[in-house]
Amino acid sequence: MKANKELSMKAADNVRILAAAMVEKAKSGHPGGPMGGADFVHVLYSEFMNYDPSDMTWAMRDRFYLDAGHMSPMLYGIHTLLGNYSLTDIKNFRQWGSCTPGHPEVDIKRGVENTSGPLGLGHAFGIGSAIAERFLHARFGKVVEHKTYIYISDGGIQEEISQGAGRIAGHLGLGQIVMFYDANDIQLSTVVDDVTGEDTAKKYESWNWHVLTIDGNDHDAIRNAIKSGISENDRPTLIIGKTKMGKGVVKEDGSGYEGEVELHGKPLSKSAASFEKTIEGLGGNVKNPFKVFPEVKAFYKKVIAEKKKDAKARKAKFKDWSKKNKEKAAKLKLFLSGELPEIDWKGVEHKANTATRNSSAAVMSYLAGKVENLVISSADLCNSDKTEAYLKKTGDFRKGDFSGAFLQAGVAELTMAAVMTGMGLHGGVIPACATFFTFSDYMKPAIRVASLMEQQVIFIWTHDAFRVGEDGPTHQPIEQEAQIRLLEKMKNHSGNNSFLALRPADAEETAVAWKLALENRNSPSGLILSRQDVNDLEPMGRSRYREAQNAKKGAYIVQDCEGTPDIILVANGSEVSTLVEGAAMLTKKKKMKVRIVSAPSEGLFRNQTRGYQQKVLPAGVPKFGLTAGLPVTLESLVGADGIVFGMTHFGYSAPYTVLDEQFGFTGENVFKQVNTMLRIRK
């Protein structure tokens, strides 16, 4: 719904007042950017975006992804006009227990599509979301079609992730994207000209973007640019909006004070500006700035009614489509629910004694066509991380063709992780992405925010240890497992483990790890897989498949003895089979009673009852841990009852069999280390 020129500016000024007031009351925050961006969000939300104000979770809604999380007062301000936040909510901006944190945290019911703060991630989430929309569109048609709007700032444009995300969006021709670049030329501590002199428009044009440059505070220019972006179907659109930092800000004498660096990151009263004069100049009440103007309230009441009416009509069309396309409708419902179809996990065929990356490939190949909304990506390593097993059963995304289910991300691990997280945010797909474990270092910022947002993203990490061998220490992960497992020790806002890390010991455990990751809708999951072949564990009973199901408890007994053990050996991944070799020597040469515990996930193990934990790892019994990572990886499982033998250096270049010998990852050294430990204990 379009307002007249005066009312349209009044509504934008109302957002400016609310934004400035939030920061002023909190004595903390960023007022300048939100004041400059108020014009765009007002025009977008009132005239162009399709959503249902009575049901902000509506799956077919247009999405708005805010990259510049410091501009949260702008987002909260526009959603206050829409009724998604109360005046009390925004008065408590940045306060304990409020729903208005300093940087937005995903809250779809209130219209917040993503958590944003680390610049660059938010717009990559948006691009991933747009890919998910195209994936669903290819399967269900126009009935699921919608637009993706993204808001980015100078900082987001500068963050390196913008290159990877921009490249992918342009290459795939994501015409459903309209991204507004708030180009106010001011950064937190300096002006943009002091930082970069690049031609942003040409950069995006070279990536196949449709680029427009406008006055970002001119409502008619904004309208025309959005219309142009909406009509462009073959390329994503970038609107470079030249806005004014702190639009409307004045000093005590009434003179203008827009476009100043200090307006970026502190309350107006803490700068040379006057909060009081600024609020008065924008038409607000200094004594009560937290107010929606009557005429703006009336206008947005009409906007809300119109949006509801439009959504109702589209929902009616969807209902009619569902009646005519019952099979497709049922499939779409399943996709959007996040639930899995029935999977016969016994049907996965494994090769004996193979690398767990190969076992993972067997699982992916089996899942292709069964979990139809599983989308997998690889950072130019599909032939090494074995995701090509899935690619061969489907196809990769191409411009104009999203009938496949594989994203070739290129060499861009951070971008890939963020884009796949964005797919999860959109809903309807189960995203997974793969690279070498050592390159998880590049992905950590996205992994952390995905964990905070409680998103189901499956990270597939192969080449899990120094046994990468000849590639040398740059490719040999040592400290990576310890880093990832720190997230297992953290709780998310729902009280669940913020991450699920799984390092399986053999083929059957790998299948269980995949099952756990697919069923885990509370957090991201990581599968940590070997490059080299691993001996399958022998079952204690008749079925290794059945026993491997105990991996869902995080740690379990894979080899045991009569009575109380003399020693408990603990490991995960390929080191478990090394413990088996050592245990055989301890039993034969020293007549020891040995228990072996496979611990693919300490996080899951700590979620079990104390009784179960004591049953598997009873206190007082000597324990020896073996890990190809840092010893700290297993130290809390071994505890004060023993030691952990692990890596304490970066590794060296040589065949992995040589490294095993040189580093002491052999059955003989397990035998030696255990005997030394027990001798010292005596």
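These figures come from a predicted structure and were not determined experimentally. Going along each chain's sequence as written, the residues are numbered from 1 onward. For a predicted model such as this one, the threshold for reporting local features is a pLDDT of at least 70, and the threshold for listing and counting side-chain atom pairs is 80 or more; totals across whole chains, interfaces and linings nevertheless cover every residue. Only hydrogens and water are removed before side-chain values are computed, so all heavy atoms of the structure are retained for them.

A. Molecular detail of the overall build of the chain. Secondary structure elements are taken from DSSP: a helix is a run of H or I of four residues or more, a strand is a run of E of two residues or more, and numbering for both begins at the N terminus. When helices and strands are counted, the chain shows 25 helices and 16 strands. Based on the C-alpha atoms only, the size of the chain along its principal axes is roughly 90 × 60 × 45 Å. Exposed residues in this analysis have more than 50% of their type's maximum accessible area, buried residues have under 20%, and partly exposed residues fall in between, with area computed by a 1.4 Å probe over protein chains only. Considering the chain as a whole, with its 682 residues, one finds that 61% of them fall into the buried category. Long-range pairs, those at least 24 residues apart, make up 76% of the contacts in the chain between residues at least 6 apart in sequence. All accessible areas in this document rest on Shrake-Rupley with a 1.4 Å probe, and a residue is counted as covered only by the protein chains that are shown. Summing over all exposed atoms, the chain offers an accessible surface of approximately 26,800 Å²; the carbon and sulfur share of this is 49%. Positive: Lys, Arg. Negative: Asp, Glu. His and the chain ends are not part of the count. Taken as the charge location is NZ of Lys, CZ of Arg, CG of Asp or CD of Glu. For the chain, the separation between the mean place of its 86 positive charges and that of its 80 negative charges on side chains is 6 Å. Here, residues are in contact when the closest pair of their heavy atoms is within 4.5 Å.

B. Region of the structure containing the pairing of strand β3 (residues 177–182). Most of β3 sits out of view: six of its six residues are buried. Of the two faces of β3, the one holding Ile177, Met179 and Tyr181 and the one holding Val178, Phe180 and Asp182 are both buried throughout. Bridge analysis of strand β2 (residues 148–153) against β3 gives six bridges, and the strand direction is parallel. The residue bridging Tyr151 from the neighbouring strand is Phe180, located in β3. Sheet analysis places β3 next to strand β5 (residues 237–242), joined by five bridges and oriented parallel. Pairing between strands is defined by DSSP: at least two bridges between them are needed.

C. Region of interest: the sheet that holds strand β12 (residues 556–559). In space, the five strands of this open sheet follow the order β12-β14-β13-β15-β16, with mixed pairing throughout. Strands at the two margins of the open sheet, each flanked by one partner only, are β12 and β16 (642–645). On average, each strand axis in the sheet is inclined to that of its neighbour by 25 degrees, with strand direction left out of account. The pairing of β12 with strand β14 (residues 594–598) spans three bridges and is antiparallel. Paired with Tyr556 across the two strands is Ser598, which belongs to β14. In this analysis an axis means a line fitted to C-alpha atoms, helices contributing only their contacting stretch, and an angle means the value between N-to-C directions, from 0 to 180 degrees.

D. Representation of the sheet that holds strand β4 (residues 210–215) in the model. Spatial ordering of the open sheet is given by β1-β2-β3-β5-β4, a layout of five strands whose pairing is parallel. Here the strands that pair on one side only, and so sit at the sheet edges, are β1 (63–66) and β4. Across the sheet, the mean angle separating the axes of adjacent strands is 20 degrees when strand polarity is ignored.

E. A look at helix α1 (residues 5–26). Here, expected helix span is obtained from the residue count minus one, scaled by 1.5 Å. Counted at 1.5 Å a residue, the expected span for α1 with its 22 residues is 32 Å, and the 32 Å between its end C-alpha atoms agrees. Of all 22 residues that make up α1, 17 are buried, and the element is covered over most of its length. Side-chain atoms alone can form a polar contact between residues adjacent in sequence; in general such a contact is a pair of N or O atoms within 3.5 Å, and within protein one must be able to donate a hydrogen while the other accepts it. For α1, the N-terminal cap is Asn4; the gap from its side-chain oxygen to the backbone nitrogen of Glu6 is 3.2 Å. Of the residues flanking the end of α1, it is Lys27, one or two places downstream, whose phi is positive at about 60 degrees.

F. Representation of the packing of aromatic side chains in the model. Side-chain rings of Phe, Tyr and Trp (the six-membered ring for Trp) are treated as a pair once their centres are within 6.5 Å; stacked means planes under 30 degrees apart, edge-to-face means over 60, and tilted covers the remaining angles. As enumerated under the stated definition, the model contains 26 aromatic pairs in all. One aromatic cluster is present, built from ring pairs that chain together Phe40, Tyr45, Tyr51, Phe64, Tyr151 and Phe180. For a lysine, the NZ atom is tested; for an arginine, the CZ atom; a charge sits over a ring if that atom is within 6 Å of the ring centre and within 35 degrees of the ring normal. It is Lys10 that lies over the ring of Phe293; its NZ or CZ is 4.5 Å from the centre. Over the face of the ring belonging to Tyr366 we find Lys370, whose NZ or CZ atom lies 4.0 Å from the ring centre.

G. View of the packing of helix α2 (residues 32–48) against helix α11 (residues 294–324). One way to put it is that α2 packs onto α11 with a least axis distance of 9 Å and a crossing angle of 45 degrees. Between α2 and α11, the angle is such that the two are oblique. Two secondary-structure elements touch here, α2 through His42, Tyr45, Ser46, Glu47 and Phe48 and α11 through Phe299, Tyr300, Val303 and Lys307. Its residues assigned to classes, the contact of α2 with α11 shows five nonpolar, two polar and two charged. Small angles under 35 degrees read as roughly parallel and large ones over 145 as roughly antiparallel, with 65 to 115 read as roughly perpendicular and the rest as oblique. Residue classes follow a fixed rule: Ala, Val, Leu, Ile, Met, Phe, Trp, Tyr, Cys and Pro count as nonpolar, while Asp, Glu, Lys and Arg count as charged, and any other residue, Gly among them, counts as polar.

H. A negative patch on the surface, seen in detail. Residues enter patches when their relative accessible area tops 30% and they take part in no salt bridge; the joining distance is 9 Å for like charges and 5 Å for the nonpolar side chains Val, Leu, Ile, Met, Phe, Trp and Tyr. Every case where a carboxyl oxygen of Asp or Glu lies within 4 Å of a side-chain nitrogen of Lys or Arg is listed as a salt bridge. Residues Glu252, Asp253, Glu276 and Glu280 make up a contiguous surface patch of negative charge. By the secondary structure assignment, Asp253 is in the loop between β5 and α10 (275–281).

I. Molecular detail of the environment of Met490. One can find Met490 in the loop between α17 (480–488) and β10 (500–502). Overall, Met490 belongs to the partly exposed group, its relative accessible area being 46%. Taking the C-alpha atoms as reference points, Met490 and Gly603, separated by 113 residues in sequence, lie 9.1 Å from one another. Excluding residues that lie within four positions of it along the chain, Met490 makes contacts with Asn496, Asn497 and Ser498.

J. Inspection of the nonpolar core at higher detail. Counting 151 residues, the largest nonpolar core has Ile131, Trp209, Met423, Trp514 and Leu569 as the members making the most contacts within it. Sort the elements by how many residues they give to this core and helix α5 (residues 121–140) lands first, with ten residues. Those residues in contact with Trp514 that lie beyond four places of it in its chain are Trp345, Ser360, Val363, Met364, Leu367, Ala432, Ile458, Ile460 and Leu527. Core analysis: the next-biggest nonpolar cluster, separate from the first, contains 65 residues, Ala11, Val249, Phe293 and Tyr300 among them. The set of buried Ala, Val, Leu, Ile, Met, Phe, Trp, Tyr and Cys residues whose side-chain atoms join them within 4.5 Å is what this entry labels a nonpolar core.

K. Representation of the pattern of salt bridges within the structure. Enumeration according to the criterion identifies 35 salt bridges in this entry. With its nearest N and O atoms 3.1 Å apart, the salt bridge here joins Lys324 to Asp320. With a gap of four residues between them, Lys324 and Asp320 both fall in helix α11, about one helical turn apart. You can call Lys324 exposed: its relative accessible area is 65%. Glu519 is the salt-bridge partner of Lys515, the closest N and O atoms lying 2.8 Å from each other. Within this pair, Lys515 and its partner Glu519 are both found in helix α18 (residues 507–519), separated by four residues, close to a single helical turn. According to the relative accessible area criterion, Lys515 is partly exposed, its value standing at 24%. Given a relative accessible area of 43%, Glu519 falls into the partly exposed group. Sharing partners across several salt bridges, the network here consists of Asp464, Arg467, Arg503, Glu575 and Asp660.

L. Broad picture of the side chain of Thr421. If you trace the backbone, Thr421 turns up in helix α15 (residues 413–426). For Thr421, a relative accessible area of 0% corresponds to the buried category. Once residues within four sequence positions are removed from consideration, Thr421 is found in contact with Phe125, Ala450, Met453, Gln455 and Val457.

M. How the structure looks around a positive patch on the surface. Where like charges cluster on the molecular surface, the positive patch consists of Lys25, Lys27, Lys91 and Lys270. With respect to the secondary-structure elements, Lys25 resides in helix α1.

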